[in-house]
Amino acid sequence: MSPTAAVGLVASREISTRLKSKAYRISTVVMLLLIVVGILVIKLITGGGGPDAKVGFTTATAAFSVPMKAAGKTLDENIETTEVPDEAAGRAKLADGSLDALLTGDGKSVHVQVKKDLDGKLANVLQVLSQQVAINQQITALGGNPAQFQTAIASAKFVEDPPLEEPYDYNGQQLVLGIIAGILIYMSLLMNGQTVAQGVVEEKTSRVVELLLSTIKPWQLMAGKVLGIGTVGLIQMVVIGVGGVVAGLATNVLTISVSAAVGTVVWLIVWYLLGFLMYSIVFAALGALVSRQEDVGGATMPALMFVIAGYVIGISVLPSDPGNTFVEVLSVIPVFSPTLMPMRLAMGGVPVWEAVVSVGLVVLLIPGLIWLAARIYRNAVMRTGAKVKLRDALRAA
């Protein structure tokens, strides 16, 4: 049997077994449903577009309506104003919940009444309004025209000189896509990488590996297992990624361009393939060192720490500081690239040379890891019982 045929035979066996697994199908459907449900929840939360607060005005306080809306706009609050016949009618609307606040008094100062508690954001708007009313009264007392004063203030603008470096305007949706991409990569590496190690141990425990190695070489068995499980993981990644993007675009939750959304999915697939290939061959080698399933976690933990560290740093730092220099440097280092770089690419603003260098370094590292992992796997996979020390697996004949 040729090496290619041997690897293909092992890979096809893994693919067939995993695709028929009920656990695999359920996990894929559940993850896809979680993405779609999350998108629908966002749609329901943000789709209303209603006002942040409804404020009532009497005839005496009607002059406050326009400046209050302007103050709300300044503080990013959407204020809806409604004139009521009198204060009694306004209090009735407060009681039934039709209004969040009612401006009362003679219109010379800001008086507000609420049903129970005054919202903090609305209180900030009212404070700005009160200050504006006081300023206008002082201008009038000094013989000035408040309207002319406000026009002059509104038209005053500062002049910004060109920046030394062109900044990148990070889109809020791109930030969310970046975080989702990181989570998918992290979960996929965690689940499918561990599956490789557990599969190796399972074959060692059941002595199936002895039968297989009587027909094919150790590296062919390892390569076929990695290729098969990687293909199954890729199918899952594509289904979830494409399904999520389609649902987001269909519900208008994602308003970024289709090309940007497709680009995110493409980079997600590329980094899944690179990250899985890099880590899974290491997991296969580390899994060969032990003979019990309960020892798999301890054996693979050193490699998993890099995956976890990259993920934690990414979701902790990038949402608040997408251009963080420390994360930028880490995302180019191969052990952190699979989790950090797809997050940065989805967010945008990554120079082309950084993306190329990060991919290139991982591609250059993989052959060395294959050689090292194949040596460990070959020397440890047939040894059962106590855990094989790493240095013994490396130097064994």
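Just so it is clear, the structure is predicted and the values come from calculations on it, not from any experiment. (Residues numbered from 1 in each chain as written. Predicted model: local features only at pLDDT ≥ 70, side-chain atom pairs only at ≥ 80, totals over all residues. Heavy atoms only, no water.)

K.L.:
Break down the packing of aromatic side chains for me, citing the residues and quoting the values.
P.N.:
The relative placement of two aromatic rings is captured by the distance of their centres and the angle of their planes. Inspection of the entire model under this criterion finds 4 aromatic pairs. Their ring planes at 10 degrees and their centres at 4.0 Å tell us that Tyr 186 and Tyr 311 sit as a pair that is stacked. Note that Tyr 186 is positioned in helix α7 (residues 172-205) and Tyr 311 in helix α11 (residues 296-317), a separation of 125 residues in sequence. Centre to centre, the rings of Phe 306 and Phe 336 are 6.0 Å apart; their planes meet at 65 degrees, and the pair counts as edge-to-face. With Phe 306 in helix α11 and Phe 336 in the loop between α12 (325-330) and α13 (337-347), the pair connects residues that are 30 residues apart, well separated along the chain. (Phe/Tyr/Trp six-rings, centres within 6.5 Å; stacked < 30°, edge-to-face > 60°. Helix = DSSP H or I, 4+ residues; strand = E, 2+ residues; numbered from the N terminus.)

K.L.:
With reference to specific residues and values, describe the environment of Val 55.
P.N.:
Examined against the element boundaries, Val 55 turns out to sit in strand β1 (residues 53-57). C-alpha separation for the pair Val 55 and Ala 101, spaced 46 residues apart in sequence, amounts to 4.9 Å. Setting aside chain neighbours within four positions, we find Val 55 in contact with Met 68, Ile 79, Glu 80, Thr 81, Thr 82, Leu 99, Ala 101, Leu 103 and Leu 122. (Contact = heavy atoms within 4.5 Å.)

K.L.:
Describe the pattern of salt bridges, and please don't skip the residues or the numbers.
P.N.:
Opposite charge on two side chains allows them to pair when their charged atoms are near. A full pass over the atoms with the stated rule returns 7 salt bridges. Taking the shortest distance from any N to any O, the salt bridge between Arg 18 and Glu 14 comes out at 3.2 Å. Of this pair, Arg 18 and Glu 14 both sit in helix α1 (residues 3-19), 4 residues apart, which is roughly one turn of the helix. A residue is classified by how much of its surface remains accessible, and Arg 18, at 22% relative accessible area, is partly exposed. Look at Glu 14 and you get buried, because its relative accessible area is 3%. Through salt bridges with shared partners, a single ionic network connects Arg 13, Glu 14, Arg 18 and Lys 225. (Salt bridge = Lys/Arg side-chain N within 4 Å of Asp/Glu carboxyl O. Buried < 20%, exposed > 50% of the residue type's maximum accessible area, 1.4 Å probe, protein only.)

K.L.:
I'd like to hear about the UniProt feature "transmembrane region" (unreviewed entry) in the protein chain, residue by residue, with values.
P.N.:
The feature "transmembrane region" (unreviewed entry), as given by UniProt, occupies residues 23-45, 172-190, 226-249, 269-290, 302-320 and 352-374 in the numbering adopted here. With 86% helix and 0% strand, residues 269-290 has its two end C-alpha atoms placed 31 Å apart. (UniProt positions renumbered as here; feature names shortened; annotations may be inferred.)

K.L.:
Lay out α11 with the relevant residues and their values.
P.N.:
Its 22 residues place the ends of α11 31 Å apart at the C-alpha level, agreeing with the 32 Å of an ideal helix rising 1.5 Å per residue. At Pro 302, α11 is bent by approximately 60 degrees, the largest bend along its length. When α11 is considered as a whole, its buried residues turn out to be Val 296, Ala 299, Thr 300, Ala 303, Leu 304, Val 307, Gly 310, Tyr 311, Ile 313 and Gly 314. (Expected span 1.5 Å × (residues − 1). Bend = angle between axes of the 7 residues up to and from the residue.)

K.L.:
Go over the sheet that holds strand β3 (residues 101-104), please, and point to the residues and values.
P.N.:
A sheet is described by the order of its strands in space; here 4 strands give the open sequence β2-β1-β3-β4, paired in mixed fashion. The two strands at the open ends of the sheet, each matched to only one other strand, are β2 (79-83) and β4 (111-113). Across the sheet, the mean angle separating the axes of adjacent strands is 30 degrees when strand polarity is ignored. Here β1 pairs with β3 via 3 bridges, running parallel. Counterpart to Gly 56 in the pairing with β3 is Leu 102. Contacts from helix α4 (residues 87-96) reach β3 and β4, with the element oriented near 165 degrees to β3. Here helix α5 (residues 120-141) sits on the sheet in contact with β1, β2, β3 and β4, set at roughly 20 degrees to β3. (Pairing = 2+ DSSP bridges. Axes fitted to C-alpha atoms, helices over the stretch in contact; angles between N-to-C directions.)

K.L.:
So what's going on with empty space enclosed by the protein? Residues and values would help.
P.N.:
Taken as a whole and assessed by the stated rule, the structure comprises 1 cavity of 30 Å³ or more. As for the largest cavity, its lining consists of Met 31, Leu 184, Ser 188, Met 191, Gln 236, Met 237 and Ile 240. Counting residues per element, the ones that place at least two in the lining of the largest cavity are α7 and α9 (218-250). The residue makeup of the lining of the largest cavity, split by class, is 5 nonpolar, 2 polar and no charged. (1 Å grid on protein atoms, 1.4 Å probe; cavity = no way out; pocket = protein on both sides within 12 Å on 5 of 7 lines; lining within 4 Å. Points joined across faces, edges and corners; volume = space filled by probe spheres on them. Nonpolar A, V, L, I, M, F, W, Y, C, P; charged D, E, K, R; others polar.)

K.L.:
Provide a residue-level description of the pairing of β2, including the pertinent values.
P.N.:
Note on strand geometry: in a regular strand, side chains alternate between the two faces of the sheet. Examined bridge by bridge, β1 and β2 share 5 bridges and lie parallel to one another. Among the inter-strand pairings, Phe 57 is bridged to a residue of β2, identified as Glu 83.

K.L.:
Mind laying out the nonpolar core, listing which residues take part and the relevant values?
P.N.:
The biggest cluster of nonpolar side chains holds 56 residues, and the ones touching the most others in it are Trp 271, Phe 276, Tyr 279, Leu 289 and Tyr 377. Secondary-structure elements contributing two or more residues to this core are α1, α7, α9, α10 (258-287), α11, α13 and α14 (352-380). Element by element, the count of residues in this core is highest for α10, at 12 residues. Among all residues touching Tyr 279, those that are not within four sequence positions of it are Leu 189, Ala 303, Phe 306, Val 307, Val 335 and Pro 338. Ala 53, Phe 64, Ala 101 and Leu 126 belong to the second largest nonpolar core, which has 14 residues in total. (Core = buried A, V, L, I, M, F, W, Y, C linked by side-chain atoms within 4.5 Å.)

K.L.:
So what's going on with the environment of Gln 236? Which residues, and what values?
P.N.:
Along the chain, Gln 236 turns up in helix α9. Relative accessible area serves as the criterion here: at 5%, Gln 236 is assigned to the buried category. Excluding its chain neighbours within four sequence positions, the residues that come into contact with Gln 236 are Tyr 24, Ser 27, Thr 28, Met 31, Met 191 and Asn 192.

K.L.:
I'd love a proper account of the packing of α10 against α13, names of residues and values included.
P.N.:
The contact between α10 and α13 brings their axes to 9 Å, and the two run at 175 degrees. Overall, the two elements α10 and α13 adopt an arrangement that is roughly antiparallel. Across the interface between the two elements, Thr 264, Trp 267, Trp 271, Gly 275, Met 278 and Tyr 279 of α10 pack against Ser 337, Pro 338, Met 341, Pro 342, Leu 345 and Ala 346 of α13. Looking at the contact of α10 with α13 residue by residue, the classes come out as 9 nonpolar, 3 polar and no charged. (Parallel < 35°, antiparallel > 145°, perpendicular 65-115°, else oblique.)

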